[in-house]
Amino acid sequence: MDNYRNAMLDEDVDNHQTMVIVDLRCNGSDRLLANAEQHLYLNYRWLLIDSTENPATFTIEHYLEALKELPVLVSSEVFVMLKEDNNSIRFVQVYRVSRSTELLTENYALWKRSTIGVDVGQMIDLRTQKVTSVRRKDLRGHPLRASMVITNPDTMNHLTDYKDKHIDTITKVNYILTNYLASYLGAGLNYSRVTTWGYYNTTTGMWDGMIGELVHDVADLGASPLFFTTDRIAVIEYLAMTSETRSKFIFRSPKLSYTENVFVLPFDDKVWICVIAVIITSSVLLLVTLWVEWRIASDGPELQSLNDASTMDANLRDTLLMMYGASCQQGSSVLPRSCSARTITMLTFTVLMFLYASYSANIVALLQSPSTKIQTLEDLLASRLKFGVHDTVFNRHYFTHATEPTRKALYEQKIRRPYGPDAFIALEQGIDRIRHGLYAFHVEQGVGYKVISETYQEDEKCGLQEIQYLQVIDPYYAIQKNSSYKEMVKIGLFRLNEHGIQYRENAKLYTKKPTCSGGGGKFVPVSLVDVEPAVWIILWGGGLAMGFFLTERFYSRWIRGKIRRMVRARLKQ
């Protein structure tokens, strides 16, 4: 018996199909049951029999006495076999709601010998429900211990009145759902409060916060849901997603000029090619016409009129400069003299006028347009936005412990390095900075959108974007690892979801992203960033002009000096 007991308890059984038959008459059966511990209510099915012929062993009290100190909890599948007479055997299940409550019994099946033959019988199912966790869902008022995370002491005064919905929202949602769950299970609730969800402390080698209470058997339920992380899977059980919320960077879309050069956007590449082709073609045609004009005039009496300063010369430099001025709607100080050359000039000016009008109208529209270029964390890292983070426990933990390259770089370069501890700020302060633009604030969606809906003007609600930073899915409801209440709590949570109660509470406490009803029609003034490319052109142009001027100046002085040296040399001769 001892060898069998050790082999059985060391076996890793993941299914529920293994049944252990224990004869209470055998020596060591009591030690086997005492050492079984969690195996009495996890994985195994147990059948207790007593092969003695003593009539006292035919009663349920005999088996209850053997099980009175054992953790035959609510998820257990412990059967006892009662011989009622020579023709029938009753199978009864024994369990208790908790380790400190009395044992309960329920009829499972009745076997009756058939009159046809000695070894033939009929099994009658006596269960009221097939599923054990549904059949035993009534916990008979047993108080379940629930741990919830409270970051603001005033939350205790507003857990069910829907006030200050942006404070401890995730706890308020799940507090209400936990109360509904307790009603479904016929259980009571004893709440304990902690200030953190729970993280592994490498110094002490222990879990703190709510996870610590679940690990150390201080709480049965985690009434505040937890993010799904690999290090927590080994110590707690995740059951169901109860809060449809995520934390993301929320920001107003910057103006298009912050991410693009708006001066090259109005036209498609093919249009730009056509514009350049028009300028070059017109310049060539005009140059040919001017050349013919000068050839004809040089043979006649009109040569003197061509020497007028307002008459265009037949050279490529002047022609290209005039066409460039026409494309910029600047006109020209010289004009061709012949009718054909003037016709070419007029047509070119007219075509470029329409292009210039279209270009200018597009520029005005683009200066008022939001950018949609920032779509990923990489775009966010490369942007010129400033950053802030809502000062919560889990934000501080996940940002400071980021290991993925992009997320770590974003924290190091955009948050920690410029701001240090001041990057973690209050909710209202961060939302106000989003309003003024060029600021990304990491906050829980529903919480942030509530403040935005209440404080922003309608046009300010347009252009809101969000990008997820945390590599986690929606938070899950958690309980103790290997809890005997696991299945019934899971079923209860699923029923809350199926009946719409979970959706209702989330909808009442979490604010959706506000709709843009203002049309985004508010005029946005042009800033220096909008005209930055033009400013750079002026600066580069001025620099090049100065460079050419100095080059010409030095070249002129070098030529004059060379001429002087030549003159002196000749005079000496």
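In this text, all values refer to a predicted model and were calculated from it rather than measured experimentally.

Here we come to the pattern of salt bridges. Here the structure, examined in full by the defined rule, presents 20 salt bridges. One salt bridge in this structure joins aspartate 391 and arginine 396, with 2.7 Å as the shortest N-O distance. Residue classification places arginine 396 among the partly exposed positions, given a relative accessible area of 36%. Put simply, glutamate 412 and arginine 416 hold a salt bridge, and the shortest N to O gap is 2.6 Å. Here glutamate 412 pairs with arginine 416, and both are found in helix α14 (residues 405-419), just four residues apart, close to one helical turn. Relative accessible area serves as the criterion here: at 21%, glutamate 412 is assigned to the partly exposed category. Taking relative accessible area as the criterion, arginine 416 reaches 40% and is therefore assigned partly exposed. Put simply, Glu106, Arg135 and Arg136 are held in one network by salt bridges that share partners.

Below, the discussion takes up the side chain of serine 88. With respect to the helices and strands, the residue serine 88 is situated in strand β4 (residues 88-95). Residue class for serine 88 comes out buried when judged on its relative accessible area of 7%. Among residues more than four places away in sequence, those in contact with serine 88 are Lys83, Leu110, Trp111 and Lys112.

Now for the sheet that holds strand β5 (residues 104-113). Strand order in the open sheet formed by six strands is β1-β2-β3-β4-β5-β6, and the pairing between neighbours is mixed. The open sheet terminates on both sides in strands that have one partner only, identified here as β1 (19-23) and β6 (121-125). Going from strand to strand, the sheet's axes swing by 25 degrees on average, the running direction of each strand aside. Sheet topology note: the β4/β5 ladder contains eight bridges and is antiparallel. Counterpart to arginine 90 in the pairing with β5 is leucine 110. Set on the sheet, helix α2 (residues 29-36) makes contact with β1 and β2 (45-49); between it and β1 the angle comes to about 140 degrees.

Before going further, it helps to spend a moment on unusual backbone geometry. Positive phi, normally seen in glycine, also occurs at leucine 438, with a value near 60 degrees. Tracing the backbone shows leucine 438 in the loop between α15 (427-435) and β16 (439-444). You will see that asparagine 482, though not glycine, has its phi angle at about 60 degrees, which is positive. Take asparagine 482: it is sitting in the loop between β18 (476-480) and α17 (486-498). In this structure asparagine 482 comes out as partly exposed when scored by relative accessible area, which is 31%.

A separate point is the packing of helix α10 (residues 316-327) against helix α11 (residues 339-367). Contact geometry for α10 and α11: axes closest at 8 Å, N-to-C directions at 35 degrees. Contacts between α10 and α11 pair Met322, Met323, Ala326 and Ser327 from the former with Thr345, Thr348, Phe349, Leu352 and Tyr356 from the latter. Broken down by class, the residue content of the contact of α10 with α11 amounts to six nonpolar, three polar and no charged.

At a closest axis distance of 10 Å, the pairing of helix α5 (residues 169-185) and helix α18 (residues 501-509) adopts a crossing angle of 150 degrees. By the criterion of interaxial angle, the relationship of α5 to α18 is roughly antiparallel. The handedness of the crossing between α5 and α18 comes out as right-handed. Residues Thr169, Lys172, Val173, Ile176, Leu177 and Tyr180 of α5 touch α18, and the partners they reach there are Ile501, Gln502, Arg504, Glu505, Asn506 and Leu509.

Turning to its location among the elements, lysine 248 is positioned in strand β13 (residues 247-252). Looking at lysine 248, the relative accessible area reads 15%, which means it is buried. Beyond its immediate chain neighbours, meaning those up to four positions away, lysine 248 contacts Phe441, His442, Val443, Gln445, Glu466, Ile467 and Gln468.

By size, the foremost hydrophobic cluster in this structure holds 68 residues, and its most contacted members are Leu139, Leu185, Phe249, Leu380, Ile415, Tyr469 and Val489. Take this core: its biggest share by element is eight residues, from α5. In this structure, Tyr44, Ile60, Val78 and Val94 belong to the second largest nonpolar core, which totals 21 residues.

Before going further, it helps to spend a moment on a positive patch on the surface. A surface patch of positive charge is lined by Arg553, Arg557, Arg560, Lys562, Arg564, Arg565, Arg568 and Lys572. Summarising the element assignment, lysine 572 is placed in helix α19 (residues 532-572).

All of the buried residues in α18 are Gln502, Glu505, Asn506 and Leu509. Buried residues of α18, seen end-on, are gathered within an arc of 100 degrees and therefore sit on one face of the element. Contact partners of the buried residues in α18: α5, β12 (236-241) and α17.

Take the packing of aromatic side chains next. All chains considered together, the criterion is met by 21 aromatic pairs. Measuring from ring centre to ring centre gives 4.8 Å for phenylalanine 79 and tyrosine 108, while their planes differ by 80 degrees; the resulting arrangement is edge-to-face. Placement of the pair is phenylalanine 79 in strand β3 (residues 78-85) and tyrosine 108 in strand β5, with a sequence separation of 29 residues. Aromatic rings pair up to connect Phe249, Phe387, Phe399, Tyr411, Phe424 and Tyr469 into one cluster. Sitting over the face of the ring of phenylalanine 424, arginine 396 holds its NZ or CZ atom 4.5 Å from the ring centroid.

Over its 29 residues, α11 runs 42 Å from end to end, which matches the ideal 42 Å to within 8%, given 1.5 Å per residue. Residues Ala341, Ile344, Thr345, Thr348, Leu352, Tyr359, Ile363, Leu366 and Leu367 constitute the buried set of α11.

This part is about the sheet that holds β16. In spatial order, the strands read β15-β14-β16-β13-β17; together these five strands make up an open sheet with mixed pairing. Only two strands of the sheet have a single neighbouring strand rather than two, namely β15 (424-425) and β17 (464-468). Of the strand pairs in this sheet, strand β14 (residues 386-390) and β15 are connected by two bridges, and their pairing is parallel. What sits directly across from histidine 390, in β15, is isoleucine 425.

Across all of its chains, the model carries one disulfide by this definition. With its sulfur 1.8 Å from that of its partner, cysteine 462 forms a disulfide with cysteine 516. Looking down the S-S bond of the cysteine 462 and cysteine 516 bridge, the torsion is 85 degrees, so its handedness is right-handed. Taken together, the residues span a long stretch of sequence, with cysteine 462 in the loop between α16 (445-455) and β17 and cysteine 516 in the loop between α18 and α19 at a distance of 54 residues. Overall, the relative accessible area of 43% leaves cysteine 516 in the partly exposed class.

Definitions and cut-offs
Residues numbered from 1 in each chain as written. Predicted model: local features only at pLDDT ≥ 70, side-chain atom pairs only at ≥ 80, totals over all residues. Heavy atoms only, no water. Salt bridge = Lys/Arg side-chain N within 4 Å of Asp/Glu carboxyl O. Buried < 20%, exposed > 50% of the residue type's maximum accessible area, 1.4 Å probe, protein only. Helix = DSSP H or I, 4+ residues; strand = E, 2+ residues; numbered from the N terminus. Contact = heavy atoms within 4.5 Å. Pairing = 2+ DSSP bridges. Axes fitted to C-alpha atoms, helices over the stretch in contact; angles between N-to-C directions. Nonpolar A, V, L, I, M, F, W, Y, C, P; charged D, E, K, R; others polar. Parallel < 35°, antiparallel > 145°, perpendicular 65-115°, else oblique. Left-handed = near helix turned anticlockwise from the far one by under 90°. Core = buried A, V, L, I, M, F, W, Y, C linked by side-chain atoms within 4.5 Å. Patch = residues over 30% accessible without salt bridge, like charges linked within 9 Å, V, L, I, M, F, W, Y side chains within 5 Å. Areas by Shrake-Rupley, 256 points an atom, 1.4 Å probe, with all protein chains shown as cover. Lys, Arg positive; Asp, Glu negative; His and termini not counted. Charge placed at Lys NZ, Arg CZ, Asp CG, Glu CD. Arc of directions from axis to C-beta. Phe/Tyr/Trp six-rings, centres within 6.5 Å; stacked < 30°, edge-to-face > 60°. Lys NZ or Arg CZ within 6 Å of the ring centre and 35° of its normal. Expected span 1.5 Å × (residues − 1). Disulfide = S-S within 2.5 Å.

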